[in-house]
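Geometric and topological summary
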Amino acid sequence: MEQKKDEFFYFILNHSQELIMIYNEQGCVEYYNDRLLELTGYSADELKGMYIGELLQNVFDKIENHIVLADAYQGAEIIETVVYRKNQTCFPVEAKIVSKVLEGKEIFICTAVDMTRYKESIRKLQDTTAQMQESMKARDAFVANVTHELRTPVNGIKGHTELLLEQEQDFQKSNYMKLILDCCSTMEGIINNILDFSKLEAGKFQIEEKPFSFYDFMSKTEKMFTTLTMRKGLRFMLNVAPEIPDRLIGDELRLTQILNNLVSNAVKFTEQGYIGIEVTLNTRIDDEVELFFIVVDTGIGLSPEDKDKLFKSFSQVDASITRRFGGTGLGLSITKELVNMMHGRIWADGEKGKGSSFSFTIRLRQENVAANDAEQGAVIRQWKSSGNFNKIAGEQDLMSEFGSDINIRELRKNFEKLNLSMDMDNWQKAENFAAAIKHLASNGSKELQRAVFKMEMAIRKSDSEKARNQADKVKELLSVEIKGLEI
């Protein structure tokens, strides 16, 4: 039985992929496996009794005829070194050495793994990485040069067209020139997207942390997008939650770019109806705030299978979209990267023919929290008097005054969103708007309050027919109680 155990033991050792050597206190090799013979080129007779330092040079020292590890390897669990062949060439290994006292005699066992292929793979990977980096540098330089060369003639065409437009009296020619300007703007957008995408891939895109006024930012946003949507005959709506602090720290320019990409897309794919932006405060912990944005439209919408393609580079939902509306498919990919860099996430919802919504979160810091809170009231009053926003802090009391101008405006606005949410079968959002309507109508008649409650219950159950019937009932009662109100 013992002989069979020994045979089995030696069978395992000789078929191991590791090199195995057993040597004594003097460093003389007493056992080796077939793998060592195979890789070193020594014969069995040559290895028997050989000083192990000939195989693993510079690894050992001798003290009073006893072998010890060299100082460089003392305490190391794994030794990275080389094994020398008979012809004095060598190959890299990772070795491990342990000792054992057997029958009063200390023996040493060295196992080693041939690292030749691994080292070669690392070298090839490093070479490939270096080549890729050189290729990316060349590509980035090419993209930068090409976009610069493209931007120069586009700016020239745009500038000369604007000069001609100022002098042209003929209506038809003026329209042609406006079309040229639109084409130039589209071309500028494509050039900028290509350049931004190249920077993102190269890791050269940076988020700047600078203080800015959130309400000033939203005011500029409203003016910019109102002009953009009016050119296509669309309405633009903006809602801003009152609890959002004014003085924030973040990248105002990149946030503008995110919203511009989303709203431009919405305008591109919407022929009639409206584009809306809503901003709310998700969380506020110490000086950090997380904002939630949603951009909604009444455009061509999305199918469930299209959503996965939206945020991929050079991707649009289908080829007909590219042919009909144009674009590179980079805008949303860049937007996703920017949102990620601002510690947020982005997602899309929608239904074919019933519009779409793009939601995203970002994290910003609040500048001088105590001072910000103290100044918030003054900032809110200033914006309230300027009339820049559809919903602004400080207007909550007036909103609750049933039948006031603000109350009527908010009722209309929330009914628009409620109808759109029900059209898109987005019952979670519909429930939110129904709750807002219930609050706005809380000072109405008991009959109105019961009707709103029934509407909200039907929406919670996702009962489309009953919810729409109850919504019509609420509208009818509102038109009676608030004379002249039409929703």
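The structure under discussion appears in the preceding block.
Computed from a prediction, not measured in an experiment: that's the story for all the values here. (Residues numbered from 1 in each chain as written. Predicted model: local features only at pLDDT ≥ 70, side-chain atom pairs only at ≥ 80, totals over all residues. Heavy atoms only, no water.)

**Concerning the sheet that holds strand β6 (residues 90–102)**
Pairing in this open sheet of 5 strands is antiparallel, and the strands run β2-β1-β7-β6-β5 from one edge to the other. The open sheet is flanked by β2 (29–32) and β5 (79–84), the only strands paired with a single partner. Ignoring strand direction, the axes of neighbouring strands in this sheet form an average angle of 35 degrees. As paired elements, strand β1 (residues 19–23) and strand β7 (residues 105–114) share 5 bridges and run antiparallel to each other. Each bridged residue has a counterpart across the sheet, and for M21 the counterpart in β7 is C110. (Pairing = 2+ DSSP bridges. Helix = DSSP H or I, 4+ residues; strand = E, 2+ residues; numbered from the N terminus. Axes fitted to C-alpha atoms, helices over the stretch in contact; angles between N-to-C directions.)

**Topic: the pattern of salt bridges**
As enumerated under the stated definition, the model contains 18 salt bridges in all. R460 serves as the salt-bridge partner of E431, at 3.3 Å between the closest nitrogen and oxygen. Placement of the pair is E431 in helix α13 (residues 427–440) and R460 in helix α14 (residues 446–460), with a sequence separation of 29 residues. Overall, E431 belongs to the partly exposed group, its relative accessible area being 27%. For R460, a relative accessible area of 45% gives the class partly exposed. It is possible to trace a salt-bridge network through shared partners that takes in E431, K438, E456 and R460. (Salt bridge = Lys/Arg side-chain N within 4 Å of Asp/Glu carboxyl O. Buried < 20%, exposed > 50% of the residue type's maximum accessible area, 1.4 Å probe, protein only.)

**A word on the side chain of K413**
Within the element layout of this structure, K413 appears in helix α12 (residues 405–423). A distance of 2.8 Å separates polar atoms of two side chains, one belonging to K413 and the other to E410. (Polar contact = N/O pair within 3.5 Å; in protein donor to acceptor, adjacent residues only side chain to side chain.)

**As for the packing of aromatic side chains**
Going through the model one piece at a time under the given rule, you end up with 9 aromatic pairs. Note on Y23 and F108: the rings are 5.3 Å apart at their centroids and 10 degrees apart in plane angle, and the pair reads as stacked. Of this pair, Y23 sits in strand β1 while F108 sits in strand β7, placing them 85 residues apart in sequence. Here the two residues Y23 and F108 agree in accessibility, since each one is buried. (Phe/Tyr/Trp six-rings, centres within 6.5 Å; stacked < 30°, edge-to-face > 60°.)

**Overview of the nonpolar core**
Within soluble globular proteins, side chains that are nonpolar generally end up buried alongside one another. Residues F214, I244, I277, L291, F293 and F360 are the most contacted members of the largest nonpolar core, which totals 41 residues. Those elements that provide at least two residues to this core are α6 (214–230), β9 (235–240), α7 (252–268), β11 (274–285), β12 (288–297), α9 (331–341), β13 (346–350) and β14 (356–366). Counting residues per element, this core draws most heavily on α7, at 7 residues. Grouped together as the second largest cluster of nonpolar side chains are 27 residues, Y23, L36, A70 and V83 included. (Core = buried A, V, L, I, M, F, W, Y, C linked by side-chain atoms within 4.5 Å.)

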